[in-house]
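Close look at the chain arrangement
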Amino acid sequence: MPLLLRNRGAVLLLIFNIFLVFTGVGLVVPIMPTYMTELHVSGSLMGLLVASFSLTQLICSPLAGRLSDSLGRKRIIVAGMILFALSEWLFGAASTPLLMFVSRMLGGIGAALIMPAVMAYAADVTSVEERGQGMGFINAAITTGFIIGPGIGGFLAEYGIRVPFYSAAVAGAIAAVLTFLVLPESRTAEKLTSSTPVLVKKQSLITQLAHSYREPYFLSLIIVFVMSFGLSNYEQIFGLFVDHKFGFTPKDIAIIITFGSIAGAVVQVTIFGWILNRFGEKRVISFCLIIAGLFVLLTLFVNSYFLIITVTFIVFLSIDILRPAIGTQMSKMAHEQQGYVAGLNSAFTSLGNIAGPVIAGFLFDMNINYPYAAAAFVLILCFALSLQARRGRQAACEKA
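Summary of the structure given here. (Residues numbered from 1 in each chain as written. Predicted model: local features only at pLDDT ≥ 70, side-chain atom pairs only at ≥ 80, totals over all residues. Heavy atoms only, no water.)

1. Topic: the overall build of the protein
Each helix and strand counted, the protein has 16 helices and zero strands in total. For the protein, with 400 residues in total, the buried portion stands at 52%. Partitioning the intrachain contacts of the protein with sequence separation of at least 6 by distance along the chain shows that 87% fall at a separation of at least 24. Total accessible area on the protein stands at roughly 17500 Å², and carbon and sulfur atoms take up 71% of it. (Helix = DSSP H or I, 4+ residues; strand = E, 2+ residues; numbered from the N terminus. Buried < 20%, exposed > 50% of the residue type's maximum accessible area, 1.4 Å probe, protein only. Contact = heavy atoms within 4.5 Å. Areas by Shrake-Rupley, 256 points an atom, 1.4 Å probe, with all protein chains shown as cover.)

Structure representation (structure tokens):
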């Protein structure tokens, strides 16, 4: 029986946890305007509030990945879920900007603990052939959480502006208890006591990031950064772009983004595993990079509602295939350092999520078209790098 099927209960619990976390993140979207008014928070301070989550996640992700290698995936996932529940409760109870910052930073630590451990757990319980399918399920949970979160937040807010956060806190606490009671540890005692993770245990975050260029998966980490930079850039500016250029309403924007995201989630849970097994990670990554780059560039030239929907749909779909393809490729290179590599993956994602909105906002103030032109250029450049890396590997194989 395939490993993914033998471990169906464990994988489903992982999917539920990661879905819950990103649904909780999405809850913030429809409620933030009211919170800004209620707590007298400025837009610039709100931007820092969003960045604080990603910054904390960036700082903690590599350490969390190493801890999952040495202490076990289960303990780290449970700790992350507890911190997530605490952060949601604190955000709901917050009456000052300081408490909101503390809440988001706790949430960033929780996400840093959960993400690498969940990715590494999925790698532990799947075979090489099933790895793409497992990563596809996990990333579909992330995508779906982002889609559903704002809707749930808006619905629950009808019963009180703080109800969505308290609800997420209760759900997170229940998930932590279920994980503690039900989820088996995926790493054996021998692997937990092995010396492999210890080799990187004393390295600081700066040292790990600085030395990551030596690793065989460094190009994958660069692509992770570019992808998260481009996507956060695209999403951050998209609403302003179509509002200024085409006069789209919030409803129009929501329909376009939701349509593209749902399509990506459907692909991830249905045919993504087949796509990777049929074409291989390298080809899929290169293809998605060039398609994303070209269609981000096309956004500057389309001028109708239907074309905007079409172009945005393809951008989101390519990114939603690219993300798990990179995760799968790196997990195959990680061997016994699954948590460590997943932690670096999460760190480079956070770097992109921090840099993307900041640079996009700066470029947007200069010219409405500059953010997408820059994102397209970076994606196409990364495509060229991926082709060069493929040629290098092929040449090395021929010499061998």
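2. So, helix 12 (residues 272–279)
Along helix 12, the residues that are buried comprise Phe 272, Gly 273, Ile 275 and Leu 276. Seen end-on, helix 12 carries its buried residues on one side only, within an arc spanning 160°. Exposed positions of helix 12 whose direction lies more than 90 degrees from the buried face are Trp 274, Asn 277 and Arg 278. Immediately downstream of helix 12, the backbone of Gly 280 shows phi near 85°, a positive value. (Arc of directions from axis to C-beta.)

3. Some thoughts on the packing of aromatic side chains
The geometry of an aromatic ring pair is captured by the separation of the ring centres together with the interplanar angle, meaning the angle of the planes. Tallied over the full model, the rule gives two aromatic pairs. Seen in terms of ring centroids, Phe 91 and Phe 165 are 4.8 Å apart; in terms of plane orientation they differ by 45°. Their pairing is tilted. Of this pair, Phe 91 sits in helix 4 (residues 73–93) while Phe 165 is found in helix 7 (residues 163–182), placing the two residues 74 residues apart along the sequence. For Phe 91, a relative accessible area of 0% gives the class buried. Among the residues examined, Phe 165 registers a relative accessible area of 1% and is labelled buried. Consider the rings of Trp 274 and Phe 279, whose centres lie 6.1 Å apart with planes at 85°: the pair is edge-to-face. Classification of Trp 274 by relative accessible area gives exposed; the value is 52%. (Phe/Tyr/Trp six-rings, centres within 6.5 Å; stacked < 30°, edge-to-face > 60°.)

4. Quick notes on a nonpolar patch on the surface
Where nonpolar side chains cluster on the molecular surface, the patch consists of Val 170, Ile 174, Val 177, Leu 178, Phe 180, Leu 181 and Val 182 and spans about 690 Å² of accessible area. For Val 182, the position within the fold is in helix 7. A relative accessible area of 58% places Val 182 in the exposed class. (Patch = residues over 30% accessible without salt bridge, like charges linked within 9 Å, V, L, I, M, F, W, Y side chains within 5 Å. Salt bridge = Lys/Arg side-chain N within 4 Å of Asp/Glu carboxyl O.)

5. Examining the environment of Ser 220
Looking at the secondary structure, you find Ser 220 in helix 10 (residues 218–246). A residue is classified by how much of its surface remains accessible, and Ser 220, at 3% relative accessible area, is buried. A C-alpha to C-alpha distance of 8.6 Å links Ser 220 and Asn 345, two positions 125 residues apart in sequence.

6. Concerning the packing of helix 4 against helix 7
Between helix 4 and helix 7, the least distance of the axes is 8 Å, while the angle of their chain directions is 165°. Classed by the angle they form, the pair helix 4 and helix 7 counts as roughly antiparallel. Pair helix 4 / helix 7 crosses with left-handed handedness. Residue-level contacts link Lys 74, Ile 77, Val 78, Met 81, Ile 82, Phe 84, Ala 85, Glu 88, Trp 89, Phe 91, Gly 92 and Ala 93 of helix 4 to Phe 165, Tyr 166, Ala 168, Ala 169, Gly 172, Ala 173, Ala 175, Ala 176, Thr 179 and Phe 180 of helix 7. The residue inventory of the contact of helix 4 with helix 7, partitioned by class, reads 17 nonpolar, three polar and two charged. (Axes fitted to C-alpha atoms, helices over the stretch in contact; angles between N-to-C directions. Parallel < 35°, antiparallel > 145°, perpendicular 65-115°, else oblique. Left-handed = near helix turned anticlockwise from the far one by under 90°. Nonpolar A, V, L, I, M, F, W, Y, C, P; charged D, E, K, R; others polar.)

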